[in-house]
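# Structure assessment
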Amino acid sequence: MLSFILNRETVNTGAAPGTLLLDFIRETMKLPGTKEACREGECGSCTVLIGKPGDDGRVRYKACASCILPIGEAAGGHVVTVEGVNREELNLVQQLIIEENASQCGFCTPGIVLSLTGFALSAEAYSYAAAADALDGNICRCTGYAAIRRAAARLAETLEENIRDREDRIPGLVEQGVLPDYFLGIPDRLRKLEGSPAGSKRGKEVVVAGGTDLFVQKPEELRESPLFFLSGRRDLDYVREEDGSLRVGSAVTLEDFRLHPLVNQHLPAMREDVLLHSSTILRNKATLAGNIVNASPIGDITIMLLALEAVLELEGEDGAQRRVALAEFYRGYKDLDLNPGEIIREIVIPVPAPGAFYNFEKVSNRKILDIAAVNSAILLEADGEKISRLLLAAGGVAPVPLLIKGLDKFAGKKISPETFAELAEEAMAAVAPIDDVRGSAEYKRLLLGRLTEAHYQKFSTRREN
Ligand SMILES: Cc1cc2nc3c(=O)[nH]c(=O)nc-3n(C[C@H](O)[C@H](O)[C@H](O)COP(=O)(O)OP(=O)(O)OC[C@H]3O[C@@H](n4cnc5c(N)ncnc54)[C@H](O)[C@@H]3O)c2cc1C
Ligand code: FES
Ligand code: FES
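The paragraphs below set out a description of the structure included in this document. (Residues numbered from 1 in each chain as written. Chains lettered and ligands numbered in written order. Predicted model: local features only at pLDDT ≥ 70, side-chain atom pairs only at ≥ 80, totals over all residues. Heavy atoms only, no water.)

Both strand S10 (residues 311–315) and strand S11 (residues 321–325) contribute to a ladder of five bridges, which runs antiparallel. Bridge pairing in S11 links Glu315 to Gln321. The turn joining S10 and S11, which pair antiparallel and follow one another in sequence, is formed by five residues; a positive phi near 90 degrees is taken by Gly319. (Pairing = 2+ DSSP bridges. Helix = DSSP H or I, 4+ residues; strand = E, 2+ residues; numbered from the N terminus.)

Here you go:
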């Protein structure tokens, strides 16, 4: 039995944990406000909020795509659909959307209302930029984005002026008319809920981290499968610094990683780079470990982590732990050094040496929200004008995400356009791309060469500044 609160109502259901939340909301609960379109996490029309209690008892809400979210993820939490933010009068977000003419056919509007409410509940800053970012997963086919952004800008302005307590925002958001007042009683109600998040042991269960890959690939099959929800492993939800490395638990989402103060301190580029992975409604669920085990040859996070020489801490069913370098983890296409029942417990990322240059580049049809044709990351340590250490990772150019070998010979060479031209040649010779829908083998090989040169351009620009 799964228990959670859906809007105002407590739900106890015997539905299979792999049932998609969108289907449960629309078909079982007959709440039609949450819209169904792509069913692939691409359009945002199915956006809902999922609130989970933190260690301090406060409920943290995140906007998520319900079309790829299994209902087991909702256990012990508060699911909010557009019906759940309605008040007697229009709420502030709805009011601003009307005043700015930000809705025409209205199909995307519930998702937009929820994404903006998610922004109000969890944004680091009430800025226009953050409000626009919160909408990066919501596609509107008819209104035009200028009107939607005007509504977002006015919301950000109002919240910046009026929400004083950013730690405990819900009372302020109720007062401002963003949320109905039943939100105030949710933490208490969640404490009293029977039943904990589903799945507490592994056996033959499928490991679900964010589910953003799994539930696009095989939702039917997973509906009836035994599932192990990594989000139930609260002990794996941490980022900490130890012995010169960042240690990232495998339950950490991409968005929490991107915004974590330790990540911002030691790997500042991640704040922008991780945005290239996907939209907010996906980053709020997807994990680093899911990207690694997914083993896509163009997995963005994997390519970043390869250049950073990440190491995986694995945990077997019996609790036994072992370590494997990420670069050694891939034995062939989707063939991993991961035993049955084993999970990635932690990702260990060595903190780059002071002054080291790290950079990530990605080429895709759209700048964001698109899978790469080719991507690449570099870590370069310099001794004055010379290279002392160089790591180059490349995606989309081999059956596995690749850390290019044999680059030690670049140590001692001057950091110059000529050296990078040589590096580009070396990289292009080291890879074996194939023709596919993202481009011909030749095109991808050339792209890798250009991306290697782009690393140098970024290096020079940063040095000049
Ligand atoms: C619309 C959309 C756009 C996307 N765009 C991109 C993109 O641009 N770049 C990109 O790289 N990816 C992209 N993805 C793919 C996907 O979101 C990522 O690979 C994501 O990081 C997967 O993480 P997850 O936590 O959701 O994995 P899940 O779907 O939960 O799991 C993926 C696989 O990893 C296994 N697994 C997860 N965690 C563990 C663990 N700790 N130990 C052992 N096994 C584990 C699961 O069993 C499963 O086999 C996109 C997906 C969607 C839906
Ligand atoms: S229906 Fe398009 S993101 Fe869910
Ligand atoms: S208002 Fe029609 S899709 Fe956005």
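There is more to say after this.
As summarised here, the arrangement of the five strands in space is S8-S9-S14-S10-S11, forming an open sheet in which the pairing is antiparallel. Edge positions in the sheet fall to strand S8 (239–242) and S11, since each has one partner strand and no second. With direction set aside, neighbouring strand axes in the sheet form an average angle of 25 degrees. Here five bridges tie strand S9 (residues 245–249) to strand S14 (residues 343–350), and the two strands are oriented antiparallel to one another. If you follow Ser245 over to S14, its bridge partner there is Pro350. (Axes fitted to C-alpha atoms, helices over the stretch in contact; angles between N-to-C directions.)

Take the pattern of salt bridges next. Two side chains bearing opposite charge may form a pair once their charged atoms approach each other closely. Across all of its chains, the model carries 40 salt bridges by this definition. Residue Asp436 pairs with Lys444 through a salt bridge whose shortest N-O separation is 2.9 Å. Residue Asp436 is classed as partly exposed on the basis of its relative accessible area of 33%. Judged by its relative accessible area of 2%, Lys444 falls in the buried class. Connected through shared salt-bridge partners, Arg240, Glu242, Arg247, Glu313, Arg323 and Glu346 make up one network. (Salt bridge = Lys/Arg side-chain N within 4 Å of Asp/Glu carboxyl O. Buried < 20%, exposed > 50% of the residue type's maximum accessible area, 1.4 Å probe, protein only.)

Interpretation note: all reported values are geometric properties and have no functional meaning in isolation.
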